[in-house]
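Residues per chain, in single letters:
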Amino acid sequence: MPAVSSDTPPCFDIRELTKVYGSGEAAVHALRGVDLSIPDGDMVVLLGPSGSGKSTLLNIIGGLDRATDGVFKFRGEDLTRASVRQLTLYRRRHVGFVFQFYNLMPSLTARENVELVTEIADNPLSAAEALAMVGLDHRMDHFPAEMSGGEQQRVAIARAIAKRPEVMLCDEPTGALDSATGVRVLQALRDVNEQLGATTLIITHNAGVADMAHRVVTFSDGRVGKVEVNETRIEPEALTW
Amino acid sequence: MVDPRHPLIPGLSKLDRKLVRDLWSMRVQIIAIALVIAAGVAVHIVAAGMLDSLKLTRDTYYDRHQFADIWAPVVRAPEALADDAGAIPGVRAVESRVRSAAQFSLDTMDAPAAGEVLSLPQANGSAINRVFLVEGRMPLAGQRDEILLLETFAIAHGLEPGDTIEATIYGARDRLRITGLALSPEYVYAIAPGQIVPDPRMFGVAWMEREALAQAVDRDGAFTELIVQLQPGAETAPVIAALDRLLEPYGAPGAYAREDQISDAFVSSEIDQLSTMAGFLPPIFLAVAAVLVNVVLARLVALERTEIGLMKAFGYRDRDVVIHYLKFASVIGAIGFIAGLALGVWLGRSLAALYTEYYRFPYLIFSLRAEVYGVAALVTFIAIGGAGVLAAWRAARLDPAIAMRPPPPPDYSQALGAGLTRWRRIDHQTRMVLRQILRWPQRSAITIGGIAVSAGLLISTLFFLDSMEVMIGSYFDIANRQDITVSFNQPRSREALYALERMPGVMAAEPVRHVAVRLRNGPVEERAALTGLPREAQLSRAVTAAGDGIEPPPGGLVLSQDLAEKLGVKAGETIEVEVTEGRRPVLEIPVSGVSTSYIGSSLNMQIDDLNRIMGEGRVITGAALRVDRDQEARLYTALKAAPGVAGLSLQTQAEEMFVDIMDQSMGTSILIYTLFAGLIAVGVVYNSVRISFSERETELAVLRVLGFTRGEVAYVLLGEIAVLTLISLPIGALAGAGLAFVFAEAMSSDLFRLPYVIEARTFAYAAGLVIFVAISSALMVRSRLDKLDMVAVLKAGE
């Protein structure tokens, strides 16, 4: 495993992580001992077939699920056995999520969707700034039902970045979008990564997306298959789908 | 076509298996709705069933025992007059009898008990008002000291056939032998004349051989009352008029019909009250249940859009889809109906048993008429079926191609509440709560309406307690402040009052003179008792609604509001008063004031005026006493020995009895209605929150993912029901106040009038109960928040 040499602890330090659903004969081993270290500020793309364990890992990293065994540390803090409340606070303070289906609050406008999160954040961007970063400052007072899928996803990104998260977790962020719109969303993710320095993990089925990452982690059968470091990154607009 | 048969559950089609699955997964919601239906059905069965039973029992009893249509009392009339009465057109049968006041002395209590002695129907007579022999035997002819005793009185004093009892009849004290215990249609509600509650200890009735009684009261060859049965269809008024003409020379105070017979008046008023309840409440419950069924089914249809699309794509017809959802509604309706039926029959029987404690029928026929149950079944079927059809029709109308696609996300941009954007002072969680409410105004209105109905029912039920308290306070603490009311069996001189004043323990005594009168204003005529009271009476008096005494001036009358309304007179006007006793004067007397009397009626004038009108000396027929409690026993002994005392009414005991009866009868009903009103709140709140949860499950899970705590997410979900509950409370208060007013009007009778008073604490109590129920029901859903699947939402599309 290539380790990252640094004086400060890595953003995520993952050792021998396993996750088993169910028990006995019906047990499903989603993760079979994952070792992974992700440095601060990296943009990481997770690849792998369905059921290879990448979503399970993302869920654990995101504090939505707990590992069965092993160690999961965020900036040196062990979260493997964290309580429900601790995990909630971890998500609240440090993590920004972007979902495949946007999952905006339909009853709130774009601005309000972003403010919903900034209301409970310590040092947030203003909603206007966050929406400007994704190029949506002109649609702030529109409801989700009035926006296209790409626009909704960019609002979701604005919502995720507005709290200045240390971590951005994106599960198939372009999965429901056409390629042109997908590129805009990826540009927004790259901008956030560069401007805010948020460690960004992106799950995708689209191998082409991997070219814009610092690091590409490939999963197979509940384990990390390989970790590649891109010497040169390609701009999202130049990606091939 | 798919094979609708499932290999494992033969006979159950795919759709029916889906039905069973849906029903099971929505069981709590279904139970909540079924309970509301059950409450409606149960109220109907209790009220209509009891009404039916009480009517049937009364009619059967009256019929079998030949209950009289008219009573015509006289002072003394020759027996031959009975035949003349029998010749009056419309009269089917007449029986003469002797009826006299009596006083009983008992070992079981210090105070003497008032009562009556009646002659038994003669062997060759028509047996009108025949008694029902509960145990023992009839008195034998020629046995002058044998009596039948009213069962309730006997039980109250532990008396049995074979025992003896001391009675004072017509001034003579005698020891009488009880041969049997009896009930009579005349004493279903055994209440002493002038009393407001039946007290089985204080009021006795005895029956004895006609000849023996006639001799005892010096009425040999004469009678003191005619009881008359009419021919079927004959009118009462002309017969009463003819009897009055016939009997006037014999000191007749005026014949009266069943409606003025005290026992029947109480029984009939109870029946009227039950029919009010039967008419009012069940429709409210069933309407709420119907709306709930519709809302829940509509939500189910929305949730199952895709499945409905698939079903139709597979070739199921619209009809199959409609029938499927109708079955769903039917199961809810059937559960509710059966539960309501069982609950209603059980409650009905329990309440019937309670009734027999103060309505003494020899038997209670619990009606099982199919109509009562049929109506409940039909109304439930129509209400729930109708609600089901509406929702099912929506499902059938879905186009399969459209139905299989997920519905578009709800659009808030054009909905009410979009403008809340400008309202910057609230946080966004609150904004979500408010927008959700405004986005679905119809559903919010249904929830508000349902909770308001629940609160309204609570208030209008608890109102009876407030009203009763004012009624009791006004009658016992403000208008009648005496401890004991003594009545004489005939008018006596003022000396009798002075004798009372000198008795041990008597601290104050005020004279009372009662005469029977007919009041007329134009064509309207009312029978009443005119009471002469001393000037500045402190004990028994008329009062205003505010509780101030209101005293008749010299030459004037004060009458209670109910009488004033019936006669259509106001203070300052004049009415005709015909005294139906003594020399029977007829006068025009000005009404100088109108008083408030919640129990019975009152008609007062100054006793000196009344004595003058009657052309008599300073005569009294009773007295109100204030006594020293420590000397009561000695006072009772003295009163038992005093001549001419017909009976005592003990104020404290009467009040306790009244409160007791109200607690028992109303307490049970109030408990039931409170419970049922609570069920409405449970049904409405639980379903509202549950539907809201199912619609917003993804949203709420996303909030958790975004780092909102469980409490914060619960606020977004439950804030909605909290706001709706708070909005519904003032509406419920208004509805309750309105419903209470209707109840007060509908339940008031000649005997009681419910003052329209709702205390602040009743509103507070109802609000507290509704809030408690809302919180409990909401918390049942809240536990689901802890099980929200955050992982699933990352993957799930809309």
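Below: a short report on this structure. (Residues numbered from 1 in each chain as written. Chains lettered and ligands numbered in written order. Predicted model: local features only at pLDDT ≥ 70, side-chain atom pairs only at ≥ 80, totals over all residues. Heavy atoms only, no water.)

**Concerning the overall build of chain B**
And step 1. If you tally the helices and strands in chain B, you get 21 helices and 20 strands.
And step 2. Split into buried and exposed, the 798 residues of chain B put 56% on the buried side.
And step 3. Taking the contacts inside chain B whose residues are at least 6 apart along the sequence as the reference set, 81% of them involve residues at least 24 apart.
And step 4. Surface summary for chain B: the accessible area is close to 32700 Å², and the carbon and sulfur share equals 58%.
And step 5. Taking the average location of the 73 positive side-chain charges in chain B and that of its 86 negative ones, the two points are 11 Å from each other. (Helix = DSSP H or I, 4+ residues; strand = E, 2+ residues; numbered from the N terminus. Buried < 20%, exposed > 50% of the residue type's maximum accessible area, 1.4 Å probe, protein only. Contact = heavy atoms within 4.5 Å. Areas by Shrake-Rupley, 256 points an atom, 1.4 Å probe, with all protein chains shown as cover. Lys, Arg positive; Asp, Glu negative; His and termini not counted. Charge placed at Lys NZ, Arg CZ, Asp CG, Glu CD.)

**Description of the overall build of chain A**
And step 1. The helix and strand inventory of chain A stands at six helices and ten strands.
And step 2. What you see for chain A is a C-alpha radius of gyration of 17 Å, in line with the 18 Å of a compact globule of 241 residues.
And step 3. Overall, the C-alpha framework of chain A stretches about 50 × 40 × 40 Å when taken along its three principal axes.
And step 4. Here chain A holds 241 residues, and the buried ones make up 58% of them.
And step 5. Accessible surface, chain A as shown: approximately 9300 Å² in total, 46% of it carbon and sulfur.
And step 6. Taking the 24 positively charged and 32 negatively charged side chains of chain A as two groups, their mean positions are separated by 4 Å. (Rg over C-alpha atoms; globule rule 2.2 N^0.38 Å.)

**A word on the interface of chain B and chain A**
And step 1. Across the boundary between the two partners, chain B contributes 34 residues, which contact 34 residues of chain A.
And step 2. Summed over both partners, the interface of chain B with chain A buries about 3200 Å², with 62% contributed by carbon and sulfur atoms.
And step 3. Counting across the interface, chain B meets chain A through three salt bridges.
And step 4. Residue Arg435(B) pairs with Glu112(A) through a salt bridge whose shortest N-O separation is 2.7 Å.
And step 5. Run the count over chain B and chain A and you get nine residue pairs in polar contact (both at pLDDT 80 or more). (Buried area = accessible area lost by both parts, 1.4 Å probe. Salt bridge = Lys/Arg side-chain N within 4 Å of Asp/Glu carboxyl O. Polar contact = N/O pair within 3.5 Å; in protein donor to acceptor, adjacent residues only side chain to side chain.)

**Some words on the pairing of strand β20 (residues 645–650) of chain B**
All names here are of chain B.
And step 1. With respect to burial, β20 is a largely interior element, six of its six residues being buried.
And step 2. In this sheet, β20 lies alongside strand β12 (residues 484–493) in antiparallel orientation, the contact comprising five bridges. For Phe488, the partnering residue across the bridge sits in β20 and is Val645. (Pairing = 2+ DSSP bridges.)

**A word on the sheet that holds strand β11 (residues 256–257) of chain B**
Residues and elements named next belong to chain B.
And step 1. Taking strand neighbours across the sheet as the criterion, the four strands line up as β2-β10-β1-β11 in an open arrangement whose pairing is antiparallel. A single partner strand is all that each edge strand has here, and the edge strands are β2 (91–97) and β11.
And step 2. Where strand β1 (residues 70–78) meets β11, two bridges bridge the pair, whose relative direction is antiparallel. Paired with Trp71 across the two strands is Tyr256, which belongs to β11.
And step 3. Most of the contacts of helix α6 (residues 236–247) go to β1, to which it runs at about 10°, and overall it touches β1, β2, β10 (222–230) and β11. (Axes fitted to C-alpha atoms, helices over the stretch in contact; angles between N-to-C directions.)

**Points about the pairing of strand β4 (residues 113–119) of chain B**
Residues and elements named next belong to chain B.
And step 1. By the criterion of burial, β4 is predominantly enclosed, with seven of the seven residues buried.
And step 2. By the alternation rule, side chains of β4 split into Ala113, Gly115, Val117 and Ser119 and Ala114, Glu116 and Leu118, which are all buried.
And step 3. Two strands pair when backbone bridges link them, and strand β3 (residues 99–105) and β4 are joined in this way by six bridges, in the antiparallel orientation. Each residue of the ladder has a partner; that of Ala101, found in β4, is Glu116.
And step 4. Pairing analysis gives six bridges linking β4 to strand β9 (residues 203–208), with the strands arranged parallel. Across the sheet, Glu116 pairs through a bridge with Val205, a residue of β9.

**Considerations on the nonpolar core**
And step 1. Residues Phe12(A) and Phe658(B) are the most contacted members of the largest nonpolar core, which totals 191 residues.
And step 2. Here this core takes 23 residues from helix α18 (residues 651–705) of chain B, the largest share from any one element.
And step 3. With residues up to four places along the chain from it excluded, the contact list for Phe658(B) reads Ile196(B), Val197(B), Met468(B), Met471(B), Ile472(B), Phe476(B), Ile599(B) and Phe752(B). (Core = buried A, V, L, I, M, F, W, Y, C linked by side-chain atoms within 4.5 Å.)

**Quick word on the pattern of salt bridges**
Residue and element names in this part refer to chain B.
And step 1. Scanning all chains against the criterion turns up 54 salt bridges over all chains.
And step 2. In this structure, the salt-bridge partner of Asp244 is Arg518, at a minimum N-O distance of 2.6 Å. Here Asp244, found in helix α6, pairs with Arg518, found in strand β13 (residues 506–521); they are 274 residues apart in sequence, far enough to count as distant.
And step 3. With a relative accessible area of 14%, Asp244 lands in the buried category.
And step 4. Using a relative accessible area of 9% as the deciding quantity, one classes Arg518 as buried.
And step 5. Of the charged contacts in the structure, one is a salt bridge between Asp483 and Arg629, with a shortest N-O distance of 3.0 Å. With Asp483 in the loop between α13 (441–479) and β12 and Arg629 in the loop between β19 (619–627) and α17 (632–641), the pair connects residues that are 146 residues apart, well separated along the chain.
And step 6. By relative accessible area, Arg629 is classed as partly exposed at 40%.
And step 7. Salt bridges sharing common partners tie together Asp244, Arg518, Arg520, Glu525, Glu576 and Glu578.

**Digging into the packing of α18(B) against helix α19 (residues 710–747) of chain B**
Residues and elements named next belong to chain B.
And step 1. Between α18 and α19, whose axes approach to 9 Å, the crossing angle comes to 145°. With respect to the hand of their crossing, α18 and α19 are arranged in right-handed fashion. On α19, the residues touching Val685, Ser688, Val689, Ser692, Phe693, Arg696, Leu700, Leu703 and Arg704 of α18 are Arg710, Val713, Val716, Leu717, Leu718, Glu720 and Ile721.
And step 2. Grouping the constituent residues of the contact of α18 with α19 by class yields ten nonpolar, two polar and four charged. (Left-handed = near helix turned anticlockwise from the far one by under 90°. Nonpolar A, V, L, I, M, F, W, Y, C, P; charged D, E, K, R; others polar.)

**Some details on the sheet that holds strand β3 (residues 43–47) of chain A**
Residues and elements named next belong to chain A.
And step 1. Strand order in the open sheet made by the six strands is β6-β7-β8-β3-β9-β10, with mixed pairing throughout. For this open sheet the edge positions go to β6 (95–98) and β10 (223–229), each flanked by a neighbour on one side alone. Sheet twist, expressed as the mean angle between neighbouring strand axes with direction ignored, is 20°.
And step 2. In terms of strand pairing, β6 meets strand β7 (residues 167–171) through four bridges, oriented parallel.

**Things to note about the environment of Leu639(B)**
Residue and element names in this part refer to chain B.
And step 1. Locating Leu639 in the fold gives a position in helix α17.
And step 2. What makes Leu639 buried here is its relative accessible area of 0%.
And step 3. Note: C-alpha distance between Leu639 and Ala746 (107 residues apart in sequence) is 42 Å.

**Things to note about the side chain of Ser454(B)**
And step 1. The residue Ser454(B) is located in helix α13 in this model.
And step 2. Beyond its immediate stretch of four places on either side in the chain, Ser454(B) contacts Ala677(B), Gly678(B), Ile680(B), Ala681(B) and Val770(B).

**What about empty space enclosed by the protein?**
Take a probe with the size of a water molecule and roll it over the atoms, and the empty space left behind shows itself.
Residues and elements named next belong to chain B.
And step 1. By the definition in use, this model includes four cavities of 30 Å³ or more.
And step 2. As a volume, the largest cavity reaches approximately 670 Å³.
And step 3. Contributing to the lining of the largest cavity are 34 residues, with Glu270, Gln273, Tyr355, Ser665 and Met666 lying nearest its centre.
And step 4. Its residues assigned to classes, the lining of the largest cavity shows 28 nonpolar, five polar and one charged. (1 Å grid on protein atoms, 1.4 Å probe; cavity = no way out; pocket = protein on both sides within 12 Å on 5 of 7 lines; lining within 4 Å. Points joined across faces, edges and corners; volume = space filled by probe spheres on them.)

**Comments concerning the environment of Arg634(B)**
Residues and elements named next belong to chain B.
And step 1. Residue placement: Arg634 occurs in helix α17.
And step 2. We classify Arg634 as exposed; its relative accessible area is 54%.
And step 3. Residues Arg634 and Ile620 lie 14 residues apart in sequence; the distance between their C-alpha atoms is 24 Å.

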